[in-house]
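Fold and geometry: a report
Residue-level listing of the chains:
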Amino acid sequence: MDFITFIQQLINGISLGSMYALIAIGYTMVYGVLRLINFAHADIMMVAAFAAFFAIDSLEVSFVLATIIAILVSVVTGILTDRVAYKPLRHSPRISLLITAIGVSFFLENIVNVTFGGTPKSFNAPEFFDTIIELSGATLTPTVIIVPVVTVLLLSILLFILYRTKYGMAIRALAFDIKTVSLMGIDSNRIIMIVFIIGSALAAVGGIFWAISYPILTPYMGVMIGLKAFAAAVLGGIGSVSGAVLGGFILGFTEVAVVALYPELGAYKDAIAFVFLIIVLVLKPTGIMGINFEKSRF
Amino acid sequence: MKLLNKVLTISACAMLSASIVTAKEVKIGVIMPMSGPIGGFGQSANKGLEVMHSMNNKLDNGDTVKLILIDNKSDKIESANSASKLISSDKVTAIIGALTSTNTMAMTKIAENAKVPVVAPVATNILVTKRKEYVSRVCFSDAFQGEVAANFAINELKQKEAVLITDVKLDYSIGIAKIFKRAYKKLGGKIVKNVRINSGDTDFKAMLSNLKAMKPKFIFFPVYSSEAGLIAKQARQLGIKAKFLGTDGMTADKVFFKAGGKAVEGFYGTNLFSSDAPKTTELSKKFDDTFTKQKNESVHPFGVLAADSYNIIVAAMNKCKDPADNVCVNKNIRATKNFKGASGVISIENGDAKRSAIINIIENGKEKYLTTVNP
């Protein structure tokens, strides 16, 4: 592999990894607070992508407005899933909550399937994102620069919220011990709602980036992305926000590296990425930035 | 006289009752992917079928033909289940469908066991009709399509070195790639790289970046519309300046043109049918007119082939004393010779249609007819 190809592959890995990272944050936050693997999370990302598609294609609004609509739609969907599906089960066994999450995931997939017809939809991103920037042999599009920058920016904002604000403190406290925190007079349902708002908004941003980069949308697009983002969250250490981002980048890089180094195995890149995940987890079961759940959170 | 009168009355009654008995319904099952990843394929095909059915829904003896449509959700298992349902509960005489190779192959065994003839509109994989008594198709097999592609690459595009992209989840893609490889090598070409992808993948950048380093001149990629559109777009973003040749699955869904945008300009594609090619039968003109009038769009290759699947079954039924006799219908389907269909003249040999292939180039977001290749 020559140097330019190496740089090109590096860029590919970064942009793929940051999209996994954005979605992985949502998994990790909900898990941290509720100990729930929110399987519907990737479908919220899909809903956001379809909302943006619908806004641009049918309402013919500008891209910026479509992004805002998509974020609002996914935030509302996130709050609703929590209120309707998860809240009544707060004190039920965790397995009921998990099954409900799978149910919500199927529900969202099928409702979009029925509404939009299930055929692949093409997402019309503004021309700007297709501009080709040539850098001494390596070619870039604005997307591959914007995506990682936005990811890091959002991560910093999130870390600020978590460690420098009262709400962040409440979220961390909730993750520590939900019952005691409620006894201390904190409205746990409201804080959980905030967690869902943050997670869904990040998923929406991830979904729109995904739609720009890979402009074919299907109702089941979330399934594989969700599985990978979840794997990224576990790899980085579930419950840790920075870990989720790190995991996302590692997964993105692994996938690209497999194809770059062993092109013959290109069709098995998912399998190899997951084998890598298993190896890391065997060596370090809590994930890379894994946290001891009895001691600290996030 | 009285006796004669009586005889006449009785025979008239008999005829009347006979005509009441015969003016019945014959059912044809239709299995199409109306939703799911290749839902666009099924919707295009079904439009053609609807138009053809509206043009002719009666057999020669006055029976009405009823179509029973089941959506297989682009899935193999659903296709097999749909076939079982159509055969055992709806009691259909023949089945049009499952449309594409993988899905058709999942249901042929069931039809074969029940002796219900299947006519596949666009299942081009070689194995679809292999060692099957009751499976036929109105499209050519990939043995032909792969050869046409190889010939075109060597003789017209003058490309002696090719990169091959195969979708290892698609029987269709694997089949064409295999034939293409063999034919291309025989003609003096060389496959410099064989890349494998999975349908459903969205990120091809890593794979394409590797290809870019090889500076390929020509890429043959027999994959479906979604993947083809994404590959085209990402190849352009990476600055790959090769000539691309695809197959009928590439352009089948318009999502390819929409998602590909400018990136697909200048792509070549082999196809089953082009409404711009010179028309060879009377029905093709009539069908073209009715279709554009009813649906307000130009005829899709999948639509016209679904229509011809229907036409061939109806023609076979007309040749049988009892149009609901599936064994007789199958015998006549497989004996189809020089049938003047909506897509051209069709002859069926061992279940495979012998017909010409079309080569298009993509210009201004549309397929432009280049040439016809006869078998």
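Model, not experiment: these values are computed from the prediction.

Quick notes on the rules
- Residues numbered from 1 in each chain as written.
- Chains lettered and ligands numbered in written order.
- Predicted model: local features only at pLDDT ≥ 70, side-chain atom pairs only at ≥ 80, totals over all residues.
- Helix = DSSP H or I, 4+ residues; strand = E, 2+ residues; numbered from the N terminus.
- Rg over C-alpha atoms; globule rule 2.2 N^0.38 Å.
- Axes fitted to C-alpha atoms, helices over the stretch in contact; angles between N-to-C directions.
- Parallel < 35°, antiparallel > 145°, perpendicular 65-115°, else oblique.
- Left-handed = near helix turned anticlockwise from the far one by under 90°.
- Contact = placed C-beta atoms within 7 Å.
- Expected span 1.5 Å × (residues − 1).
- Buried ≥ 20, exposed ≤ 12 C-beta atoms within 10 Å, placed from the backbone.
- Pairing = 2+ DSSP bridges.
- Domains from an automatic or database assignment.
- Nonpolar A, V, L, I, M, F, W, Y, C, P; charged D, E, K, R; others polar.
- Right-handed = clockwise from strand over helix to strand, strands pointing away.

What follows deals with the overall build of chain A. When its secondary structure is counted, chain A shows 11 helices and four strands. Here the C-alpha atoms of chain A give a radius of gyration of 19 Å, agreeing with the 19 Å that 2.2 N^0.38 yields for 298 residues. Summarising its shape, the C-alpha atoms of chain A cover approximately 60 × 50 × 35 Å along the three principal directions.

With that settled, consider the packing of helix H10 (residues 241-261) of chain A against helix H11 (residues 269-283) of chain A. Geometry of a packed helix pair, given as the angle between the helix axes and the separation of the axes. Residues and elements named next belong to chain A. Put simply, H10 and H11 touch, their axes get as near as 9 Å, and they point 130° apart. Judged by the inter-axis angle, H10 sits oblique to H11. Every pair of crossing elements has a handedness; the one defined by H10 and H11 is right-handed. Contacts between H10 and H11 involve Leu-251, Thr-254, Glu-255, Val-258 and Val-259 from the first element and Lys-269, Ile-272, Ala-273 and Phe-276 from the second.

Time to look at helix H6 (residues 171-186) of chain B. Residues and elements named next belong to chain B. Helix length check: H6 (16 residues) gives 23 Å between terminal C-alpha atoms against 22 Å at 1.5 Å per residue, within 8%. Among the residues of H6, Asp-171, Tyr-172, Ser-173, Gly-175, Ile-176, Ala-177, Ile-179, Phe-180 and Tyr-184 are the ones counted as buried. Looking at the buried side of H6, the elements it contacts are helix H4 (101-114), helix H5 (142-156), strand S6 (161-167), strand S7 (190-197), strand S8 (218-220) and helix H9 (248-251). Downstream of H6 by one or two residues, Gly-188 has phi in the positive range, about 95°.

On to the sheet that holds S8 of chain B, then. Residue and element names in this part refer to chain B. Spatial strand order, S7-S6-S8-S9-S10-S14-S15: seven strands in an open sheet with mixed pairing. The sheet is open, and its two borders are formed by S7 and strand S15 (366-373), each paired with just one other strand. The mean angle between the axes of side-by-side strands here comes to 25°, regardless of whether they run parallel or antiparallel. As defined by bridge partners, S6 adjoins S7 across seven bridges and the pair is classed as parallel.

This part is about the interface of chain B and chain A. Across the boundary between the two partners, chain B contributes 31 residues, which contact 26 residues of chain A. Taken together, the elements giving at least two residues each to the side of chain B that touches chain A come down to helix H2 (39-55), S7, helix H7 (205-213), helix H8 (225-237) and helix H10 (255-260) of chain B. Sort the elements by how many residues they give to the side of chain B that touches chain A and H7 of chain B lands first, with six residues.

What follows deals with the domain arrangement of chain B. All names here are of chain B. For chain B, the domain assignment lists domain 1 (11-140 + 278-356) and domain 2 (143-271). Tallying the contact residues gives 16 residues for domain 1 and 15 residues for domain 2. Of all elements in the fold, only H2, H4 and helix H12 (301-319) reach the threshold of two or more residues within the side of domain 1 that touches domain 2. Top contributing element to the side of domain 1 that touches domain 2 by residue count: H4, with three residues. Its residues assigned to classes, the side of domain 1 that touches domain 2 shows 10 nonpolar, six polar and no charged.

For the rest of this paragraph, the subject is the sheet that holds strand S3 (residues 94-97) of chain B. Two orientations exist for strands paired in a sheet by backbone hydrogen bonds: parallel and antiparallel. All names here are of chain B. Spatial ordering of the open sheet is given by S2-S1-S3-S4-S5, a layout of five strands whose pairing is parallel. Each edge of the sheet is formed by a strand with only one pairing partner; in this case those strands are strand S2 (64-71) and strand S5 (135-137). Averaged over all neighbouring strand pairs, the angle between strand axes comes to 25°, with direction disregarded. The pairing of strand S1 (residues 25-32) with S2 spans eight bridges and is classified as parallel. By the bridge assignment for S2, Ile-28 is matched with Leu-67. Its contacts with the sheet place H2 against S1 and S2, and it is angled at close to 160° to S1.

Our next topic: the pairing of S1 of chain B. Residues and elements named next belong to chain B. Most of S1 sits inside the fold, with six of its eight residues counted as buried. In this fold, the crossover linking S1 to S2 by way of H2 has right-handed handedness. Relative to S3, S1 runs parallel, the two sharing four bridges. Counterpart to Ile-31 in the pairing with S3 is Gly-97.

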